[in-house]
Amino acid sequence: KVVLTTGFRENEVFRIEDASCSLSEIMVYLINTQDQYESTLGSGIWNAKVKGQNLEDSVKESCLAKISQIKTMNLLAQQNGIMLSDDEKTKAQKAAQEYYGSLNDTEKAAMDNVSLNTVTQMYDEYALADKLYQYTIRDINPEVSDDEARKLTVQQIFCKTYTLDATGQKVTVSDTQKQKIYQKMQQIQKLIASGTAFETLSEKYNEADDATISFGKGEVDAALEAAAFNLATDEVSDIIETADGYEIIKCVTTFNKTETEANKVRIVEERKKEAFGKQYDDFADNLTRELNNELWDKVKLVHDSRIKTSSFREIYDKYFSTQSQ
């Protein structure tokens, strides 16, 4: 339930039932996320668009969603009688003292003059959310077979049947161009049949980022998956038409043990998250949410060279590494 209302406390961004989020909390998340983006991609990244949306707005929405999730998980933890132990509270307090102590005056001001108490509360809530997740999935240990998780490895020669327009969107080439690309693939196919090394042809003609790829079921185009999982080791496929182009592949191995074991772990984690997600959604769907639109619209990134903090989550992991999701 979403309720737009007035009567918020000063600098209160939203409420979920009786759980409240302050402007300081939002700014801690937003500024840390901003610095992570800028340290990796540069300060000019904010001119970019994400699916037509301004990147700053996209990051704002992401931070809002994350904090809303943590607040909701804390409410669910309370309902289940889950609380932090004294040791966990001490860890959260130490993490807060370390993070707060790392902030300069400009950073604190940008976070709406955030206090140590607020940072401590944020770490408490983060830790309780993680504890709830671990409690919920404690008995979920699904069996995943080698066949289900199997990953194979292939070499590829890929020729694309699209171009990119000015906005970076894919545009399919004309039927005439597509036919010419297919004929090129037929010529490559003849070269393979005549004994030319697949690796040599891949190096010359492959337009994909990688010459060798590993994947499991459900991870690539359906036509590519069907062809790959029917090849024997060293066998070469026919020309495969995918959504983005034409492809010829050579099977390197039908069972990549290392990748398969890693995929088992990924599948198990996905199923645990799905199980938690169902319980979370059932609970969250019945909560009343109130957003202070007037204040939220005023929330902006802060561009100041003196603001460089990005260690909020890193410090949390330092104290809660064995418990975090």
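See the structure above.
What counts, and where the lines are drawn
- Chains are numbered independently. Their residues run from 1 in the order of the written sequence.
- This being a predicted model, a pLDDT of at least 70 is required before a residue's local features are given, and a value of 80 or more before pairs of side-chain atoms are given or counted; all residues contribute to the totals for chains, interfaces and linings.
- The side-chain numbers reported here are obtained from all heavy atoms of the structure, hydrogens and water having been left aside.
- Paired rings are identified among Phe, Tyr and Trp, the last through its six-membered ring, by centres lying within 6.5 Å, and are further divided according to the angle between planes into stacked (under 30 degrees), edge-to-face (over 60) and tilted (the rest).
- Each helix corresponds to a stretch of at least 4 residues labelled H or I by DSSP, and each strand to a stretch of at least 2 residues labelled E; elements are numbered beginning at the N terminus.
- Partly exposed describes any residue whose relative accessible area lies between the buried limit of under 20% and the exposed limit of over 50%, with all areas from a 1.4 Å probe on protein chains only and scaled to the type maximum.
- By the criterion adopted, a ring carries a charge over it if an Arg CZ or a Lys NZ lies within 6 Å of its centre and within 35 degrees of its normal.
- Given the number of residues in a helix, its expected span is that number minus one, multiplied by 1.5 Å.
- Arc, as used here, means the arc of the directions from the helix axis to the C-beta atoms.
- Residue contacts follow a heavy-atom distance rule, with two residues in contact if any of their heavy atoms lie within 4.5 Å.
- At least two bridges found by DSSP between two strands are what make those strands a pair.
- Salt bridge, as applied in this entry: a Lys or Arg side-chain nitrogen positioned within 4 Å of an Asp or Glu carboxyl oxygen.
- Fitted lines through C-alpha atoms serve as axes, helices being fitted only where they are in contact, and the angles separating the N-to-C directions of these axes extend from 0 to 180 degrees.
- Under this scheme an angle from 65 to 115 degrees is roughly perpendicular, one under 35 degrees roughly parallel, and one over 145 degrees roughly antiparallel; angles in between are oblique.
- By convention, the crossing between two helices is left-handed when the near helix turns anticlockwise from the far helix through less than a right angle, and right-handed when the turn is clockwise.

S.K.: I'd like a rundown of the packing of aromatic side chains, residues and numbers included.
M.R.: Each aromatic ring pair is characterised by the separation of its centres together with the angle its planes make. Applying the stated criterion across every chain yields a total of 13 aromatic pairs. Relative to Phe312, the ring of Tyr99 has its centre 5.5 Å away and its plane inclined at 90 degrees; by these criteria the two rings are edge-to-face. Pair noted here: Tyr99 is in helix H3 (residues 86-102) and Phe312 is in helix H12 (residues 312-320), with a separation of 213 residues, a long-range link. For the pair Tyr99 and Phe312, one class covers both residues: buried. Members of the aromatic cluster, joined through ring pairs, are Tyr29, Tyr99, Tyr123, Tyr126, Phe312, Tyr316 and Phe320. The ring centre of Tyr162 lies 5.6 Å from the NZ or CZ of Lys160, which sits over that ring. Sitting over the face of the ring of Tyr162, Lys170 holds its NZ or CZ atom 4.8 Å from the ring centroid.

S.K.: Would you mind going over helix H7 (residues 175-193) in detail, with residue names and values included?
M.R.: For H7, built from 19 residues, the straight-helix expectation of 27 Å at 1.5 Å per residue is met to within 8% by its first-to-last C-alpha distance of 27 Å. Of all the positions in H7, only Ile181, Met185, Ile188 and Ile192 are classed as buried. Along the axis of H7, the buried positions cluster into a sector of 55 degrees, meaning they face one direction only. Exposed residues on H7 whose side chains face more than 90 degrees from its buried face are Asp175, Thr176, Lys180, Lys190 and Ala193. In this structure, the buried residues of H7 make contact with strand S6 (151-160), helix H8 (198-205) and strand S11 (245-253).

S.K.: Give me the environment of Ser214: which residues, what numbers.
M.R.: Tracing the backbone shows Ser214 in strand S9 (residues 212-216). Taking the C-alpha atoms as reference, Ser214 lies 31 Å from Asp175; in sequence the two are 39 residues apart. Not counting residues up to four positions away in its chain, the partners in contact with Ser214 are Leu152, Thr153, Asn256 and Glu259.

S.K.: Before we move on, can you summarise the pairing of S11 with the specific residues and values?
M.R.: In summary, the side chains of a regular strand alternate between the two faces of the sheet. The buried fraction of S11 is high, at seven of nine residues. Count of turn residues in the strand S10 (residues 240-241)/S11 antiparallel hairpin: three residues.

S.K.: Tell me what's going on with the pattern of salt bridges, and back it up with residues and numbers.
M.R.: Under the definition given, this model contains 23 salt bridges. The partner of Asp139 in a salt bridge is Arg138, and the shortest N-O contact between them spans 3.8 Å. Between Arg306 and Asp304 there is a salt bridge; the shortest N-O distance is 2.8 Å. Taking the relative accessible area as the measure of exposure, Arg306 reaches 51% and is therefore exposed. Judged by relative accessible area, which is 22%, Asp304 ranks as partly exposed. Members of the salt-bridge network, linked through shared partners, are Arg9, Glu12, Arg15 and Glu290.

S.K.: For the packing of H7 against H8, give the residues involved together with the corresponding values.
M.R.: The packing of two helices is summarised by the inter-axis angle and the distance between the axes. At a closest axis distance of 10 Å, the pairing of H7 and H8 adopts a crossing angle of 155 degrees. Put simply, H7 runs roughly antiparallel to H8. In this structure, the crossing between H7 and H8 has a hand that is right-handed. Residues Ile188, Leu191 and Ile192 of H7 touch H8, and the partners they reach there are Phe198, Leu201 and Tyr205.

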